[in-house]
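A look at the structure
What follows is each chain in one-letter form.
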Amino acid sequence: MLTAMTDAGPDSKPWHSDGVHFRCKGPECGDCCSGKKGSGYVWVSETEMRAIATQLGLEICQFTTKYVRQVGNRYSLIEKSNQDCIFYIKDKGCGVYDARPTQCRTYPFWPEVVRTPESWALEALQCPGIDKEEPRVPGEEVAKQLVIDAKRFSMHRE
Ligand code: SF4
Ligand code: SF4
């Protein structure tokens, strides 16, 4: 994953400053949680792991043993055998919604996704909520989500 950046110069606005079209299709989609588009990582910080463990009524060591894998010096939620996120419930969505990790909250406003119009259009192949003449998310909200997402990277680097 990348830190927040755009292709705009120092004095120009990012391409998404006037907003982008996006509206999540909700649990009936779930493509970003299921294995439909392939395997992936759901990165979790220690704080996020503790939050999910608390929601599930587990001690942190019970939670990590059952639901977390180490990838290099980072941690990800595990997947089911069909590559769904371990907490994804078909047609219902996230089984730990209130404690879901930051990357799940900020998607699709990740730096690598909103970096250019082309990267945004490419992500539309993965997410049916992108660029379908759906309501426009204001540029200020996109910027806010990028800031939240950037903090995720610093959390993982602690
Ligand atoms: S893939 Fe996009 S539309 Fe589907 S659940 Fe995820 S964010 Fe929503
Ligand atoms: S934790 Fe929840 S929101 Fe995040 S990928 Fe898994 S099921 Fe989806």
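Residues numbered from 1 in each chain as written. Chains lettered and ligands numbered in written order. Predicted model: local features only at pLDDT ≥ 70, side-chain atom pairs only at ≥ 80, totals over all residues.

1. Focus on the site of ligand 2
Heads up, the condition is: Only the C-beta atom, placed from the backbone, is used; a residue is near a molecule or strand if that atom lies within 6 Å of it. When residues are grouped by polarity, Ala, Val, Leu, Ile, Met, Phe, Trp, Tyr, Cys and Pro land in nonpolar, Asp, Glu, Lys and Arg in charged, and all others, Gly among them, in polar.
For ligand 2, the full set of nearby residues is Cys33, Val42, Leu77, Cys85, Phe87, Tyr88, Cys94, Val96, Arg100, Pro101 and Cys104. Considering only residue class, the shell around ligand 2 consists of ten nonpolar, no polar and one charged.

2. Some points on the site of ligand 1
Lining the immediate surroundings of ligand 1 are Cys24, Lys25, Cys29, Gly30, Asp31, Cys32, Tyr107, Cys127, Pro128 and Gly129. Residues that form the shell around ligand 1 fall into these classes: six nonpolar, two polar and two charged.

3. A few points about the nonpolar core
Most often, soluble globular proteins have nonpolar side chains that are buried together. How we decide: Here, a nonpolar core denotes buried Ala, Val, Leu, Ile, Met, Phe, Trp, Tyr and Cys residues that are linked to one another through C-beta atoms within 7 Å. Field definition: a residue is buried when 20 or more other C-beta atoms are found within 10 Å of its C-beta, exposed when 12 or fewer are, and partly exposed for counts in between, with C-beta atoms placed from the backbone. Whether two residues are in contact is decided by their C-beta atoms, placed from the backbone, lying within 7 Å.
Counting residues in hydrophobic clusters, the biggest one holds 25 residues, and the most contacted among them are Val42, Leu77, Cys85 and Val114. Beyond its immediate sequence surroundings of up to four residues, Cys85 is in contact with Cys33, Val42, Leu77 and Glu79.

4. Here we look at the packing of helix α1 (residues 46-56) against helix α2 (residues 60-67)
As a reminder of what qualifies: To get an axis, fit a line to the C-alpha atoms, keeping to the stretch in contact for a helix; angles then go from 0 to 180 degrees between the N-to-C directions. Secondary structure counts use DSSP, requiring at least four H or I residues in a row for a helix and at least two E residues in a row for a strand, with both numbered from the N terminus. In what follows, roughly perpendicular refers to angles from 65 to 115 degrees, roughly parallel to angles under 35, roughly antiparallel to angles over 145, and oblique to any angle outside these ranges.
Two numbers describe how α1 lies on α2: the axes approach to 9 Å, and their chain directions differ by 100 degrees. Between α1 and α2, the crossing angle belongs to the class labelled roughly perpendicular. Counted together, Met49, Arg50, Ile52, Ala53 and Leu56 of α1 and Ile60, Phe63 and Thr64 of α2 form the full contact between these two elements.

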